[in-house]
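Structural overview
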Amino acid sequence: MSDIDWSALANKAASQTDSEFKSQLAGLTSLKTSDIDTFITESKISNTDALEVLKQINNASLTNNEKASAISSIQNGVGFLVKLVSKVV
């Protein structure tokens, strides 16, 4: 069996996944992928947690206080939300 650089493959897969995530998020908003990359990096949030924040924002069955509470319990969720809002406002 030939030598396979598993670390390089894992890094490439993670990069492709991150790139795809940013492209899809850009497609759902008026933001550029470079903007998305910047505020995800600055807020130090994982893609999974970023999606959870967006899910909570979009949850029509929750009050604003319930959304705020849910987002505050997500690691780096508040920082991500602040960065997101700063790009929109």
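Above this text sits the structure in question.
Residues numbered from 1 in each chain as written. Predicted model: local features only at pLDDT ≥ 70, side-chain atom pairs only at ≥ 80, totals over all residues. Heavy atoms only, no water.

Packing of helix 3 (residues 47–58) against helix 4 (residues 64–72) brings their axes to within 9 Å, and their N-to-C directions diverge by 170 degrees. In terms of axis orientation, helix 3 runs roughly antiparallel to helix 4. The segment helix 3 lies against helix 4, with Val53, Gln56 and Ile57 engaging Lys67, Ala70 and Ile71. Across the contact of helix 3 with helix 4, the residue classes break down as four nonpolar, one polar and one charged. (Axes fitted to C-alpha atoms, helices over the stretch in contact; angles between N-to-C directions. Helix = DSSP H or I, 4+ residues; strand = E, 2+ residues; numbered from the N terminus. Parallel < 35°, antiparallel > 145°, perpendicular 65-115°, else oblique. Contact = heavy atoms within 4.5 Å. Nonpolar A, V, L, I, M, F, W, Y, C, P; charged D, E, K, R; others polar.)

Another point: the packing of aromatic side chains. Under the defined criterion, the tally for this structure stands at one aromatic pair. Between the aromatic rings of phenylalanine 39 and phenylalanine 80, the centroid separation amounts to 5.4 Å while the plane-to-plane angle is 50 degrees, which identifies the pairing as tilted. With phenylalanine 39 in helix 2 (residues 33–43) and phenylalanine 80 in helix 5 (residues 77–88), the pair connects residues that are 41 residues apart, well separated along the chain. The residues phenylalanine 39 and phenylalanine 80 share a single accessibility class, namely buried. (Phe/Tyr/Trp six-rings, centres within 6.5 Å; stacked < 30°, edge-to-face > 60°. Buried < 20%, exposed > 50% of the residue type's maximum accessible area, 1.4 Å probe, protein only.)

Let's shift gears to the side chain of asparagine 47. Residue placement: asparagine 47 occurs in helix 3. You can call asparagine 47 buried: its relative accessible area is 18%. Setting aside anything within four residues of it in sequence, one finds asparagine 47 in contact with Asp18, Phe21 and Ile40.

Treat this as a map of the structure, not an account of what it does.
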